[in-house]
Amino acid sequence: MTASTDVAGGGSPTAAVGSPEPGAHLDPRRWVALSVIAVAQLMVVLDASIVTIALPHAQADLGISTADRQWVMTAYTLAFGGLLLLGGRIADFLGRKRIFIWGLIGFAGASALGGAAPNAELLFAARALQGACAALLAPAALSLITVTFTEGKERARAFGVYGAISGGGAAIGLIVGGLLTEYTSWRWCLLVNVPIALAAAAAALPIVRESKAEGTPSYDIPGTVTVTGGLLALVYGFTVAADDGWGSGKTIGLLVGAFVLIAAFVVIEARTANPLLPLRVPLERNRGGSFLASMLIGGGLFAMFLFLTFYFQQTLGYSALRSGFAFLPFSAGIIFSAGIASQLLPRTGPKILMVLGSALAVGGLVLLTQIGVDTGYASHVLPAELLISFGMGLAFVPMSSVSLLGVAEHDAGVASALVNTTQQVGGSLGVALLNTVYATAVTDYLTSHGTGPAAQAQAAVEGYTTSFVWSAVMIGLALITVLFLVRAGRDDIPQGEGVPIHAG
């Protein structure tokens, strides 16, 4: 998530996701282990929404430019999404407990570095390091639940706890972020992770059981380097365009370089014996449509949260705490509608829910384009939040199910992780692109209307509404993707336990 919407769970690429073995030995400390894992997951989810609420204060304190502020979000999501599949494979082969603990320690160190950052560059680097550690931590945590709870009903309960923690954690993070920012400093929104992560790591040592995958370790380093480098070049190209323009040589060079690196990644994955991303997983029509829609939705929603945060605090004059409360209806709506979608999915199939949910979200974003300098929260923002959140809850649940359609058991972890990966990557690209759209709209307005206080306030609103238009376009493209690519019916939905996908 960055700011309240996260489809998480990115499972390990080779984690066991199938049915438990009959008569498997039950770990007597499994529920205590679950509490440790849940605390770690709560920390990761809290971090995303906490930092979003604190971003306007961090930008002002460190003098971060409008073009560069998106790196506070995208450095994290890009590292997390780009390294998630590799992180799952590392956890499988080196030991899930070991990587879980080292991920927690690394996350604590990165959070301390970010909280003490004296400048923007070190903050961006710390956020990227947090994302890399989360890419180790998240799949290890989910795999540990899978191998610790071997009895079907208990595993379902454990996944339910995990999903509830993840879904509710985003809402908690909004309030905690507001409290810490308003009454201490934005820096504590990062520093708060340090004691939590270290305590969870210490508790995991005697409680959590180690487990490893069998076989010879294999890591697709060339694939990881090319895909991460390509995505980084793409985000940086979008950022440079805010200052230099889309036609500048630097912008074009970065975008061309990104295309070359991503193309190289596809070639590598097609030819390597043990690819990071087996192309058979996303190239199946239904799954591919789900992954593409997930990426587009991630781009639209992550950007929406960024601009609404600034609208609340800089245009409406809300405090950080009030901004956190202003987002709560979104969290409540998405959790409520996800529960409804879970009940409707076996009856309707996935496509109807995905189309309806995307359409509602587009409608909500269109409503947000009507905000102004003096418009009210209850009259303009709240109805839009409810529409978008209800729509996304309807869409996320079937999206996670479609991602597992027809997938072989040895690819189930990759398929489930891709929903999270695509949304994190989509969020990175969407935030970077729409932040440039925002900056361009603001500059154009000020050029035409002068730079007085009233013009500056209206220019910011012009930037927000233009960005909301493009967010609506992204989710509209996701709707079209579902219409044309997803063909699965209700009888195609897998009825096994699968991997929990939540939205919070």
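Definitions and limits used
- Residues numbered from 1 in each chain as written.
- Predicted model: local features only at pLDDT ≥ 70, side-chain atom pairs only at ≥ 80, totals over all residues.
- Heavy atoms only, no water.
- Phe/Tyr/Trp six-rings, centres within 6.5 Å; stacked < 30°, edge-to-face > 60°.
- Helix = DSSP H or I, 4+ residues; strand = E, 2+ residues; numbered from the N terminus.
- Buried < 20%, exposed > 50% of the residue type's maximum accessible area, 1.4 Å probe, protein only.
- Lys NZ or Arg CZ within 6 Å of the ring centre and 35° of its normal.
- pLDDT = per-residue confidence, 0-100.
- Contact = heavy atoms within 4.5 Å.
- Axes fitted to C-alpha atoms, helices over the stretch in contact; angles between N-to-C directions.
- Parallel < 35°, antiparallel > 145°, perpendicular 65-115°, else oblique.
- Nonpolar A, V, L, I, M, F, W, Y, C, P; charged D, E, K, R; others polar.
- Patch = residues over 30% accessible without salt bridge, like charges linked within 9 Å, V, L, I, M, F, W, Y side chains within 5 Å.
- Areas by Shrake-Rupley, 256 points an atom, 1.4 Å probe, with all protein chains shown as cover.
- Salt bridge = Lys/Arg side-chain N within 4 Å of Asp/Glu carboxyl O.
- Lys, Arg positive; Asp, Glu negative; His and termini not counted.
- Polar contact = N/O pair within 3.5 Å; in protein donor to acceptor, adjacent residues only side chain to side chain.
- Left-handed = near helix turned anticlockwise from the far one by under 90°.

Q: Mind showing me how you'd approach the packing of aromatic side chains here?
A: When we look at a pair of aromatic rings, we describe it by the centre distance and by the angle of the planes. Enumeration according to the criterion identifies 16 aromatic pairs in this entry. Aromatic pair Trp-71 and Tyr-236: ring centres 6.4 Å apart, planes at 50°, arrangement tilted. Linking Trp-71 in helix α2 (residues 71–94) with Tyr-236 in helix α8 (residues 221–244), this pair joins segments that are 165 residues apart in sequence. Accessibility expressed as a relative area gives 35% for Tyr-236, which makes it partly exposed. Taken together, the ring pairs connect Phe-305, Phe-307, Tyr-311, Phe-312, Tyr-318, Phe-327, Phe-330, Tyr-377, Tyr-438 and Tyr-464 into an aromatic cluster. Positioned over the ring face of Phe-310 is Arg-69, at 4.0 Å from the centre of the ring. The aromatic ring of Tyr-318 is capped on one face by Arg-322, whose charged end is 4.0 Å from the ring centroid.

Q: Would you explain the confidence of the model for the protein chain in this entry?
A: Interpretation of the predicted coordinates at a detailed level should be avoided for regions scoring low in pLDDT. Taken over all residues, the pLDDT of the protein chain has a mean of 86, while the share at 70 or more is 91%. This stretch, residues 1–24, has a pLDDT under 50; its non-local contacts, to residues over four places away or in other chains, come to 104 contacts. Low pLDDT, under 50, characterises residues 496–504; the stretch is placed with 43 contacts to residues that sit more than four places away or in other chains.

Q: What's the story with the packing of α2 against helix α3 (residues 96–115) in this structure? I'm lost.
A: Angle between the axes and distance between the axes are the two parameters that describe a pair of packed helices. Here α2 crosses α3 at 150°, and the two axes come no closer than 8 Å. By the angle between their directions, the pair α2 and α3 is classed as roughly antiparallel. Within the contact between the two elements, α2 uses Tyr-76, Ile-90, Ala-91, Asp-92 and Leu-94 and α3 uses Arg-96, Arg-98, Ile-99 and Phe-107. Looking at side-chain class alone, the contact of α2 with α3 contains six nonpolar, no polar and three charged residues.

Q: Before we go on, may I ask you to explain a nonpolar patch on the surface in this structure?
A: A cluster of nonpolar side chains, namely Leu-292, Val-469, Trp-470, Val-473, Leu-477, Ile-480, Leu-483, Phe-484 and Leu-485, defines an oily patch on the protein surface of about 770 Å² accessible area. By residue number, the principal contributor to the nonpolar patch is helix α16 (residues 453–485), which donates eight residues. Along the chain, Leu-477 falls in helix α16. Since its relative accessible area comes to 43%, Leu-477 is described here as partly exposed.

Q: What is the right way to read the side chain of Asp-220 from this model?
A: In this fold, Asp-220 is placed in the loop between α7 (193–207) and α8. Of the buried charged residues, Asp-220 lacks a salt bridge, with Arg-89 as the closest side chain of opposite charge at 7.4 Å. Within the structure, the side chain of Asp-220 is placed 3.0 Å from the backbone nitrogen of Gly-223, a separation counted as a polar contact. Side-chain polar atoms of Asp-220 contact the backbone nitrogen of Leu-276, separated by 2.9 Å. Those residues in contact with Asp-220, other than ones at most four positions away along the chain, are Ile-268, Glu-269, Thr-272, Asn-274, Pro-275 and Leu-276.

Q: Please clarify how the packing of helix α11 (residues 285–315) against helix α15 (residues 412–449) should be interpreted in this entry.
A: At a minimum axis distance of 6 Å, the contact between α11 and α15 shows a crossing angle of 45°. Classified by the angle between their axes, α11 and α15 sit oblique to one another. Of the two elements, α11 crosses α15, and the hand of that crossing is right-handed. Of the residues assigned to the contact of α11 with α15, the class counts are 14 nonpolar, 10 polar and no charged.

Q: What exactly am I supposed to notice about the pattern of salt bridges here?
A: When charged atoms on two side chains of opposite charge get close, those side chains can pair. The final tally for this structure, using the stated rule, is three salt bridges. Here Arg-127 and Asp-47 are joined by a salt bridge, their closest N and O atoms 2.8 Å apart. Linking Arg-127 in helix α4 (residues 120–148) with Asp-47 in helix α1 (residues 30–62), this pair joins segments that are 80 residues apart in sequence. For Arg-127, a relative accessible area of 1% gives the class buried. One salt bridge connects Arg-96 with Asp-92, and the closest N-O pair in it is separated by 3.0 Å.

Q: Hey, could you run me through the environment of Tyr-311 in this one?
A: If you trace the backbone, Tyr-311 turns up in helix α11. For Tyr-311, a relative accessible area of 0% puts it in the buried group. Measuring from C-alpha to C-alpha, the distance between Tyr-311 and Val-373 comes to 9.0 Å, with 62 residues separating the pair along the chain. Discounting chain neighbours no more than four positions away, the residues touching Tyr-311 are Leu-316, Ile-371, Gly-372, Thr-375, Val-381 and Tyr-464. Within the structure, Tyr-311 has its side chain in polar contact with the side chain of Thr-375 (distance 3.0 Å).

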